[in-house]
Amino acid sequence: MLQLPDSPPRMKTLVSVDESYNLCRHLIAKYSTTFYLSTLLLSKEKRPAIWAIYAWCRRTDELVDGPASAMTTPETLDLWEQQLEAIFAGQPKDNFDVALADTVQRFPMDIQPFRDMIAGQRMDLYRSRYETFEELYLYCYRVAGTVGLMSTAVMGLDTTRNTAPWNREQQPYVPIEEEIALGIAKQLTNILRDVGEDARRGRIYIPLEDLARFNYTEQDLFKGVIDERWRSLMRFQIERARQFYTKAERGISYLSADARWPVWAALTHYSGILSIIERNDYNAFTQRAYVPQWQKLRSLPLAWMRSQVF
Ligand SMILES: CC(C)=CCC/C(C)=C/CC/C(C)=C/CC/C(C)=C/COP(=O)(O)OP(=O)(O)O
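Computed from a predicted model, the values in this text were never measured in an experiment.

**As for the site of the ligand**
Piece 1. In the neighbourhood of the ligand, 23 residues make up the surrounding shell, with Ser 32, Arg 58, Lys 186, Gln 187 and Arg 193 lying closest.
Piece 2. Separating an oxygen atom of the ligand from a side-chain N or O atom of Ser 32 is a distance of 3.1 Å.
Piece 3. Contacts to the ligand include Arg 58, whose side-chain N or O atom sits 2.7 Å from an oxygen atom.
Piece 4. In isolation the ligand exposes 750 Å². Once the protein is present, 84% of that is buried.
Piece 5. Of all the secondary-structure elements, those providing two or more residues to the shell around the ligand are helix H3 (46-65), helix H7 (133-155), helix H8 (176-193), helix H12 (228-252) and helix H13 (257-279).
Piece 6. The class makeup of the residues in the shell around the ligand is 10 nonpolar, eight polar and five charged.
Piece 7. Structurally, the shell around the ligand is a two-domain feature, drawing no fewer than three residues from each of domain 1 (15-108) and domain 2 (127-310).

See the structure below:
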């Protein structure tokens, strides 16, 4: 089980910065193998910083989604937020936080996306339905879109882009919407992949307005009914997720050159999950859409080519 915040915080000796990065690396390698592999495509200065950020995100998610989540209350998240403030103040409180405190010093970044992510986990504490896509979008921004903002602070932008001699007067374009879009797309993909699992926990992330539009009821969803109404609803959701992937693709060329390949690799893998859902004839109730390892590896050269061209 992941290490959760101590309550109340007490004085203790923490591990060294290197050991802390190593803890983060193990955590990522264990919980997100593919993501971990794509970070290996990054330069060795940026790689550990991404591990530190992801370890923090994973632990934040674990507070409301992990095995001990039944014990999580709004106060737990308040404490977690205080622990976050301490990281940014250079006073890490636990062994994982040591690496993130180092990362935020090396790669100056805004604390707000981290706070927003905690706000997203708060939503999971009291909400199990989303009426409109606008409401769901806010949730997805908080729990996943924020990761794009955090990661880009480390990956860096290509400052030569948009600064051709004839264009010097203009401010370089900062692809904020595109950074957010990849997380949104991934979160929407996870929602479709995990629809059955979430239903078994009494949760529905697909907006209720969309269920109504396709005349598909909550009861149908809880029973796992797969018919033409469900297929049309899923086609609609998949198309929406793909629009966010397309938006994210447009931002990748603004990233620093060494970050483009890993991001293309991650994007190709994540969007591949949508194709698997289609191949499973939209049965996300009893079949978990999963991109096989060989397919992930096979997509790497194409991701590399895209990273050179676009
Ligand atoms: C496109 C541009 C300009 C920048 C890219 C900026 C980046 C790197 C964004 C990353 C966005 C991202 C991957 C967010 C993660 C969102 C999410 C839902 C993570 C959970 O996924 P997994 O940890 O794989 O969970 P599963 O194991 O459940 O699939």
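**Some words on the domain arrangement of the chain**
Piece 1. By domain assignment, the chain separates into domain 1 (15-108) and domain 2 (127-310).
Piece 2. For domain 1 and domain 2, the distance between their C-alpha centroids amounts to 22 Å.
Piece 3. Each partner contributes residues to the interface: domain 1 has 18 residues there, and domain 2 has 19 residues.
Piece 4. Of the roughly 1,400 Å² buried between domain 1 and domain 2, counting both surfaces, carbon and sulfur atoms make up 68%.
Piece 5. Among the residues domain 1 hides against domain 2, the three largest losses belong to Thr 34, Leu 41 and Lys 46. Together they make up 36% of the total.

**Description of unusual backbone geometry**
Piece 1. With a phi angle near 60 degrees, Asn 215 is a residue other than glycine that sits in the positive phi range.
Piece 2. Counting through the fold element by element, Asn 215 comes out in the loop between helix H10 (208-213) and helix H11 (218-223).
Piece 3. A relative accessible area of 57% means that Asn 215 is categorised as exposed.
Piece 4. Within the chain, Asp 281 stands out as a residue other than glycine whose phi angle is a positive 55 degrees.
Piece 5. Relative to the elements of secondary structure, Asp 281 occurs in the loop between H13 and helix H14 (293-298).

**Regarding the packing of helix H1 (residues 17-31) against H3**
Piece 1. Between H1 and H3, the least distance of the axes is 8 Å, while the angle of their chain directions is 65 degrees. Viewed along their axes, H1 and H3 form a crossing whose handedness is left-handed. Taken together, the residues of H3 that come into contact with H1 (itself represented by Tyr 21, Cys 24, Arg 25, Leu 27, Ile 28 and Tyr 31) are Pro 48, Ala 49, Trp 51, Ala 52, Tyr 54, Ala 55, Arg 58 and Arg 59.

**Some words on the pattern of salt bridges**
Piece 1. On inspection of all chains with the given rule, the structure shows 24 salt bridges.
Piece 2. In this structure, the salt-bridge partner of Lys 44 is Glu 45, at a minimum N-O distance of 3.9 Å. Both residues of the pair, Lys 44 and Glu 45, count as exposed.
Piece 3. Close ionic contact of Arg 229 with Asp 220 constitutes a salt bridge, the shortest N to O distance being 2.8 Å.
Piece 4. Residue class for Arg 229 comes out partly exposed when judged on its relative accessible area of 27%.

**Things to note about a nonpolar patch on the surface**
Piece 1. There is a patch of nonpolar side chains on the surface, built from Leu 302, Trp 304 and Met 305 and spanning about 300 Å² of accessible area.
Piece 2. Residue placement: Met 305 occurs in helix H15 (residues 300-309).
Piece 3. Using a relative accessible area of 47% as the deciding quantity, one classes Met 305 as partly exposed.

**Here we look at the environment of Gln 83**
Piece 1. Mapped onto the elements of the fold, Gln 83 is located in helix H4 (residues 74-88).
Piece 2. As for Gln 83 and Asp 94, which are separated by 11 residues in sequence, their C-alpha atoms are 8.8 Å apart.
Piece 3. One polar contact links Gln 83 to Asp 97, side chain to side chain, over a distance of 2.6 Å.

Rules and cut-offs
- Residues numbered from 1 in each chain as written.
- Predicted model: local features only at pLDDT ≥ 70, side-chain atom pairs only at ≥ 80, totals over all residues.
- Heavy atoms only, no water.
- Near = heavy atom within 4 Å.
- Polar contact = N/O pair within 3.5 Å; in protein donor to acceptor, adjacent residues only side chain to side chain.
- Areas by Shrake-Rupley, 256 points an atom, 1.4 Å probe, with all protein chains shown as cover.
- Helix = DSSP H or I, 4+ residues; strand = E, 2+ residues; numbered from the N terminus.
- Nonpolar A, V, L, I, M, F, W, Y, C, P; charged D, E, K, R; others polar.
- Domains from an automatic or database assignment.
- Contact = heavy atoms within 4.5 Å.
- Buried area = accessible area lost by both parts, 1.4 Å probe.
- Buried < 20%, exposed > 50% of the residue type's maximum accessible area, 1.4 Å probe, protein only.
- Axes fitted to C-alpha atoms, helices over the stretch in contact; angles between N-to-C directions.
- Left-handed = near helix turned anticlockwise from the far one by under 90°.
- Salt bridge = Lys/Arg side-chain N within 4 Å of Asp/Glu carboxyl O.
- Patch = residues over 30% accessible without salt bridge, like charges linked within 9 Å, V, L, I, M, F, W, Y side chains within 5 Å.

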